[in-house]
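Residue-level structure breakdown
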Amino acid sequence: MPAVSVEHLAKSYGETVAVRDVSFEVQRGEVFALLGPNGAGKTTTVEILEGFRTRSGGRVETLGVDPADRATQRWLRNRIGVVLQELAIEPYYSVRQVLTRNAGYYPNPRPVDEVIELIGLAEKADDRVKHLSGGQQRRLDVGLGIVGNPDLLFLDEPTTGLDPSGRRETWDLIHRLAGAGTTVLLTTHYMDEVEALADQAAVLFGQEIVASGTPASIGGRDLGAVTIRFRLPDGVTPSELPVAGVPVGDGLVEIHTEDELRVLHDLTGWALAGGYALAGLSVLRVSLEDIYLGLTRSGDPGEPGT
Amino acid sequence: MSAVSGSGVDVEVPERGNFRGMSDLRLVARQVGFEQLSFWLNPIGALMTIAFSVVFLILLGATAGTTTVKSYGGIKLLDYYVAGFCGYGVMAACFTILAITLVNRREMGLLKRVRLSPLPTWMLMGAIIVNAMIVAALGVVLLLVVGRLGYGVNGPAHWGPFVVTVLVAMVCYSALGVGISTLVPNADAAGPMVSLTFFILVALSGLWFPIAPGSGLATFANFFPIRHLIDALVGSFGQRGAPYWPWRDLGVMLIWGAAGIAVGLRRWSWSPRRG
């Protein structure tokens, strides 16, 4: 049974469509990224999965239950953790106090000291929240999301507003949680975050999913043209190459092709036969960002979601 | 989750229902403890909530002398002030502070976070309201002690009606606090909107200056619940021996409380409005 199953999900506020015909599955133990620009419907989708909002149509299951079913809502909330897009922590409590309070809501919480250690706030455990830096508060926010020892963790843009080291620390924490078997569903609009964290990803645009797959293959990324780049050997001109190449400065040459196997074969065969070194030889695929921009620049984005 | 075995396969069945008996009641008590901790961790806010009514009592009490209030059966003005500021203290804690707290928590996203935790709504709201009631009760006790030690005011002649009035007022003003919090569009507006409402109601109540019954102002003020709170509390300080139960005042407060709940239920939001 998948951790999350969504079929033809729809949500409207009167005439305004927030999500239309969204379908995807998140397998247990997987890190799944929901990618999309602001207003694409990411937060609405996640809030429906958490049971915070009701849906207008479609079928949704979170950990095997309908999140809108009030009879099982408490059971579900015992098993999920949520980190909201914006920081939400009382300023006057200490780190330990706020974690201890929230741990008491759950039947099987993680030990508070273990959470403090996990989020790297051991030295700040008795400091008040209002005295923490933005990055430290964000980590505490993640700590509140995991203190209940959740089977499924929702992270809504967990690194927005963090500096590079804060982002890297949050990624490390997510890696450790995923490594320990926690299923993670995160929303983001950072491509490097998807590549660093996600096993699977889906792009939401115009309130619907326009592509899904692994970060390496999404949007046909693994099938399209590649760029082969290398340093031109001394004494060789581009016209002498077995395949037409384009000088790009600094002694480098690039070859754009959709037939990478044949081109590489011809190129390396020529180099071996002639005794040339192809310094810095690399095969560059189209970046996830290029794919994402291609998906989200074209077409009508539709009405804004939330 | 319970495991059910059927055809040799274990099927996990989610528990249904949202009440867990005594363990839930312990959780409420625990949550009240954390609400109290949060309140006292902000000493300036805590002091202002309780100290305001005491300071007003001390200042006005110093000018009262032996003056009596004819319109309340010749009760001493000092008794009037002690009873009146008990009402003021209840309203400050259960209406003003409660409403501002709810708006701030909503706009900070704190309500949404708790909503997404397993803590049921009734526990959260129960703990917030009980916390306000504890603060209000502390204020009332402090005012009675200051009245006794500072001005020789003996306290209520009718303890039963006094205590019942305070309890009903706590419920009524907490409900109104919840109701008005839903009408405030953002955190910046919370203080001005709630405080302005509070001070207008207090001015109409006759707390600063006794209002003669039957006057136009009294008739207008009788529409609002604070006037009935002051009347009921001052009445409980009246002549000993005479039977006294302020049923009408209690009834009016409960009607206002019901209106507060109705507005709260209709307009409640767990998400920030930021309007």
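Residues numbered from 1 in each chain as written. Chains lettered and ligands numbered in written order. Predicted model: local features only at pLDDT ≥ 70, side-chain atom pairs only at ≥ 80, totals over all residues.

As for the overall build of chain A
Condition: Secondary structure counts use DSSP, requiring at least four H or I residues in a row for a helix and at least two E residues in a row for a strand, with both numbered from the N terminus. Here, residues touch in the contact sense if the C-beta positions derived from the backbone fall within 7 Å of one another.
When helices and strands are tallied, chain A shows nine helices and 13 strands. Along the first, second and third principal axes, the C-alpha atoms of chain A reach 75 × 50 × 30 Å. Contacts in chain A between residues far apart in sequence, at least 24 positions, make up 70% of those at least 6 positions apart.

Focus: the overall build of chain B
Going by this rule: To sort residues by exposure, count the other C-beta atoms lying within 10 Å of each residue's C-beta; 20 or more gives buried, 12 or fewer gives exposed, and values between give partly exposed, all with C-beta atoms placed from the backbone.
Of the regular secondary structure elements, chain B holds ten helices and four strands. Going from N to C terminus, chain B has its helices and strands arranged as β-β-α-α-β-β-α-α-α-α-α-α-α-α. Its C-alpha atoms give chain B principal-axis dimensions of roughly 85 × 45 × 35 Å. Expressed as a percentage of the 275 residues in chain B, the buried residues total 42%. The contacts in chain B between residues at least 6 apart in sequence include a share of 78% that link residues at least 24 apart.

Observations regarding unusual backbone geometry
Glycine aside, a negative phi is what most residues show, and trans is what most peptide bonds show. Residue and element names in this part refer to chain A. A positive phi is found at D21, a non-glycine position, where the angle reads about 50°. Assignment of secondary structure puts D21 in strand β2 (residues 16-26). The residue E157 is not glycine, and still its phi comes out positive at about 50°. With respect to the helices, strands and loops of the structure, E157 is situated in the loop between β6 (152-156) and α6 (164-179). Judged by local crowding, E157 falls into the buried class, with 20 C-beta atoms found within 10 Å.

Thoughts on the interface of chain A and chain B
Applicable threshold: Only Asp, Glu, Lys and Arg are considered charged in this grouping, and only Ala, Val, Leu, Ile, Met, Phe, Trp, Tyr, Cys and Pro are considered nonpolar; every other residue, Gly among them, is considered polar.
Of the residues lining the interface, 22 residues belong to chain A; the matching set on chain B comes to 23 residues. Every element with two or more residues in the side of chain A that touches chain B is listed here: α2 (73-77) and α3 (95-103) of chain A. Class assignment of the residues belonging to the side of chain A that touches chain B gives a composition of eleven nonpolar, five polar and six charged.

Describing the sheet that holds strand β10 (residues 226-231) of chain A
Residues and elements named next belong to chain A. Short version of the rule: Two strands are counted as paired when DSSP detects at least two bridges linking them. Here an axis means a line fitted to C-alpha atoms, over the contact stretch when the element is a helix, while the angle between two N-to-C directions is reported on a 0 to 180 degree scale.
If you trace the four strands from one edge of the open sheet to the other, you get β11-β12-β10-β13, paired in antiparallel fashion. Edge positions in the sheet fall to β11 (246-249) and β13 (282-285), since each has one partner strand and no second. Direction aside, neighbouring strands of the sheet carry axes that sit 30° apart on average. Pairing between β10 and strand β12 (residues 252-257): six bridges, direction antiparallel. From the neighbouring strand, I228 faces β12, where its bridge partner is I255. Of the strands in this sheet, β10, β12 and β13 touch helix α8 (residues 260-274), which is tilted by about 15° from β10.

Some words on the nonpolar core
Under the convention used in this document: By definition, a nonpolar core groups buried Ala, Val, Leu, Ile, Met, Phe, Trp, Tyr and Cys residues that connect through C-beta atoms lying within 7 Å of each other.
Among the nonpolar cores identified, the biggest contains 70 residues, and A33, L35 and L185 of chain A are the most heavily contacted of them. When residues of this core are assigned to their parent elements, the largest contribution, six residues, is made by β2 of chain A. Among the nonpolar cores identified, the runner-up in size contains 68 residues, and I75, A93, A136 and L207 of chain B belong to it.

Some details on the pairing of strand β5 (residues 80-83) of chain A
When a strand is regular, its side chains alternate between the sheet's two faces. Residue and element names in this part refer to chain A. Side-chain alternation along β5 places I80 and V82 on one buried face and G81 and V83 on a second face that is also buried. The sheet contact formed by β5 and β6 spans four bridges and is parallel. Counted as the bridge partner of G81 is L153 from β6.

Considerations on helix α7 (residues 187-205) of chain B
Residues and elements named next belong to chain B. For the record, the criterion: A helix is expected to reach a length of 1.5 Å times the quantity of its residues less one. Think of the arc as the fan of directions from the helix axis to the C-beta atoms.
For α7, built from 19 residues, the straight-helix expectation of 27 Å at 1.5 Å per residue is met to within 8% by its first-to-last C-alpha distance of 27 Å. Restricting attention to buried positions, one finds in α7 the residues A190, V194, F198, L201 and S205. Projected down its long axis, α7 shows its buried positions confined to an angular sector of 70°, all on one face. Opposite the packed face of α7, turned more than 90 degrees from it, sit the exposed residues D188, P192, L196, F199 and I200. For α7, the secondary structure elements touched by its buried residues are α3 (77-108), α6 (159-181), α8 (216-221) and α9 (225-236). At the C-terminal side of α7, G206 shows a positive phi close to 85°.

What about the domain arrangement of chain A?
For clarity, the threshold we go by: Note that the domain bounds reflect an automated or database-derived domain assignment.
Here the domain parsing of chain A yields domain 1 (4-220) and domain 2 (226-285). The C-alpha centroid of domain 2 of chain A is placed 45 Å from the C-alpha centroid of domain 1 of chain A.

Things to note about the pairing of β10 of chain A
All names here are of chain A. Burial of β10 is one-sided: the residues V226, I228 and F230 facing one way are buried, the residues T227, R229 and R231 facing the other way are not. As defined by bridge partners, β10 adjoins β13 across four bridges and the pair is classed as antiparallel. Pairing of I228 across the sheet is with V283, part of β13.

A look at helix α2 (residues 43-64) of chain B
All names here are of chain B. Condition: The bend reported for a residue corresponds to the angle between axes fitted to the seven residues ending at that residue and the seven starting there.
For α2, built from 22 residues, the straight-helix expectation of 32 Å at 1.5 Å per residue is met to within 8% by its first-to-last C-alpha distance of 31 Å. Bending of α2 peaks at approximately 40° at the position of A51. Restricting attention to buried positions, one finds in α2 the residues T49, I50, S53 and L57. Those residues of α2 that are buried are in contact with α3 and α5 (121-151). G65, located one to two residues past α2, shows a positive phi value of around 55°.

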